[in-house]
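The chain contents come next:
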Amino acid sequence: FVYNQQCILVFVSHDASEGEWVAQVPIFPPYQDIDSFSENDIMRMLQIGLTGKDFRDWLTVTDGHSISGEADSIQIKSIRPWCMSSQVATNYVAGPNGRVFLAGDAAHAFPPAGGFGMNTGLQDVHNLAWKLALSYSQGLCSQKVLDSYENERRPVAMRNAALSVRNYERTLNVARTLGLDANHPRLVIDGMNSPPLNFLSMPARRETFANLVRTAMLPLASLEEKGNLYGDYISKKLKQILDRGDGLPLLFPSFELGFTYGDDNDPVSDTALYNTPDLKLGRRFPHCELEIICNNIKASDLNKHYSHLVISNGNQVSLTDISAQLQNANGAPTFALIVSAECSAELKIWRSFFETLPSEDWVLQLITVHSDHQMWKDSGAYENECLSLLDSKNEWKSLMSDNAALSAVLMRPDGHIAGILQRNGDEYDVNVLREWIDAAFDSSLQKTK
């Protein structure tokens, strides 16, 4: 953000490595439009915004080196008008047979304050892709699961749109502190559209408006003057705003990672700088790094044996996107059933239950988490039956601190939690497990009995 008495600009990097930037210049129709600025005018604003110098001063020699040649390094690719808006489509699924799906910019448009446009668009297709794959390649999903795309994604887009508007308002707080109120140009425009000023010709009104804008920006010159009482006062107020965090933050992990499907009233704070990991239905599975248990596989051969997994630190794998990693091996959207194996007897029940599942219904991978290596050995488990993981760093134990009764979690192909099973007693049988997982799948796949 650049504020000085000669120009107001916002520079946005599109590709810093290639030097590709977008410069946003505020204009106020009908008394300013794109035709009000020639390419030379724009070049002058860019040079002032980037260097603080007017291009007419660029022939000056500084420290023995001419800086005039740097003007040639700026190339204006295009000059186009753009109107900022905040819009979310009423429907994400359209067409006579519900076969048209809106995503990304087709579904929503936000003010570019926080970078939510692209992030929300990527989340859209992340939600939709596995549902389309299951529906059309395997025929597992009803039309309702495709309709759930809108039910899950539109509330997230509405929250992100509202946050983007609030972020834009934050930037206006900074401008107001500098004496530039966004409402003032509108008041001037209303006045010039009313008698007696509206009797003036349009060129005369445009020139009057331009002079008023230049006059409003004159006090910004005081910010460059050391010892200027007004400039020092404004600088102090501006520093207070930024120190309070009332400027424009660039990271919103609670919105980018902490959103919950199926809970439109899930409270999310604008000021939350961190996303607190939480096991909650509809939320992404938290990051939890566990050790791959291998019996007859050398540690050096793990990457070869588990080529579909993203292995770090020799033998560690994260659960947060484990279903996507498993999909690399299965070649189809994969659900992950993560079981907290507290004892060998309980694990045997889970393995017996897993063997009863009809494999043609869905792609499901069993993952067992163990607190110690000996228990895994005692259970008689082998690598080819399931993916066995060891909580060697107590990250699973820490995650379970608020979920002591948790027995299993069903993860969707997009990493969101589809079902959570709590222990209601010391034991449970295969029928109880089957009833739970059927309900979780029916909810996830939007099936009706």
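This text follows the structure it describes.
So, here's what we can say about the structure. (Residues numbered from 1 in each chain as written. Predicted model: local features only at pLDDT ≥ 70, side-chain atom pairs only at ≥ 80, totals over all residues. Heavy atoms only, no water.)

Read across the sheet, 3 strands follow the order E1-E2-E3 without closing on themselves; strand pairing throughout is antiparallel. Strands at the two margins of the open sheet, each flanked by one partner only, are strand E1 (2-4) and strand E3 (20-24). Looking at each pair of strands side by side, their axes are set apart by 25° on average, direction ignored. Bridge count between E1 and strand E2 (residues 7-15): 3 bridges; the pairing is antiparallel. By the bridge assignment for E2, Val-2 is matched with Leu-9. (Pairing = 2+ DSSP bridges. Helix = DSSP H or I, 4+ residues; strand = E, 2+ residues; numbered from the N terminus. Axes fitted to C-alpha atoms, helices over the stretch in contact; angles between N-to-C directions.)

This part takes up the packing of aromatic side chains. If you walk through the whole model with that rule in mind, you get 9 aromatic pairs. Ring geometry for Phe-116 and Phe-255: centres 6.2 Å apart, planes at 70°, overall edge-to-face. On the criterion of sequence distance, the pair formed by Phe-116 in helix H2 (residues 116-138) and Phe-255 in helix H7 (residues 253-256) is long-range, its members being 139 residues apart. Taken individually, Phe-116 and Phe-255 each receive the classification buried, so the pair is uniform in this respect. Site record: aromatic cluster; members linked through ring pairs are Phe-28, Tyr-31 and Phe-209. Seen from the ring of Phe-259, Arg-153 lies directly overhead, with NZ or CZ sitting 5.5 Å from the centre. (Phe/Tyr/Trp six-rings, centres within 6.5 Å; stacked < 30°, edge-to-face > 60°. Buried < 20%, exposed > 50% of the residue type's maximum accessible area, 1.4 Å probe, protein only. Lys NZ or Arg CZ within 6 Å of the ring centre and 35° of its normal.)

Time to look at the sheet that holds strand E15 (residues 406-411). Hydrogen bonds between backbone atoms are what pair the strands of a sheet, whose relative direction is either parallel or antiparallel. Overall, mixed pairing links the 7 strands, which are arranged E11-E10-E14-E13-E12-E15-E16 in an open sheet. Whereas interior strands pair on both sides, the edge strands pair on one side only; in this sheet they are strand E11 (316-318) and strand E16 (417-422). The mean angle between the axes of side-by-side strands here comes to 30°, regardless of whether they run parallel or antiparallel.

Scanning all chains against the criterion turns up 10 salt bridges. Among the ionic pairs, Arg-283 bridges to Asp-278, the shortest N-O distance being 3.7 Å. According to the relative accessible area criterion, Arg-283 is buried, its value standing at 11%. Residue class for Asp-278 comes out partly exposed when judged on its relative accessible area of 32%. The network of salt bridges with common partners includes Lys-131, Glu-152, Arg-412 and Asp-414. (Salt bridge = Lys/Arg side-chain N within 4 Å of Asp/Glu carboxyl O.)

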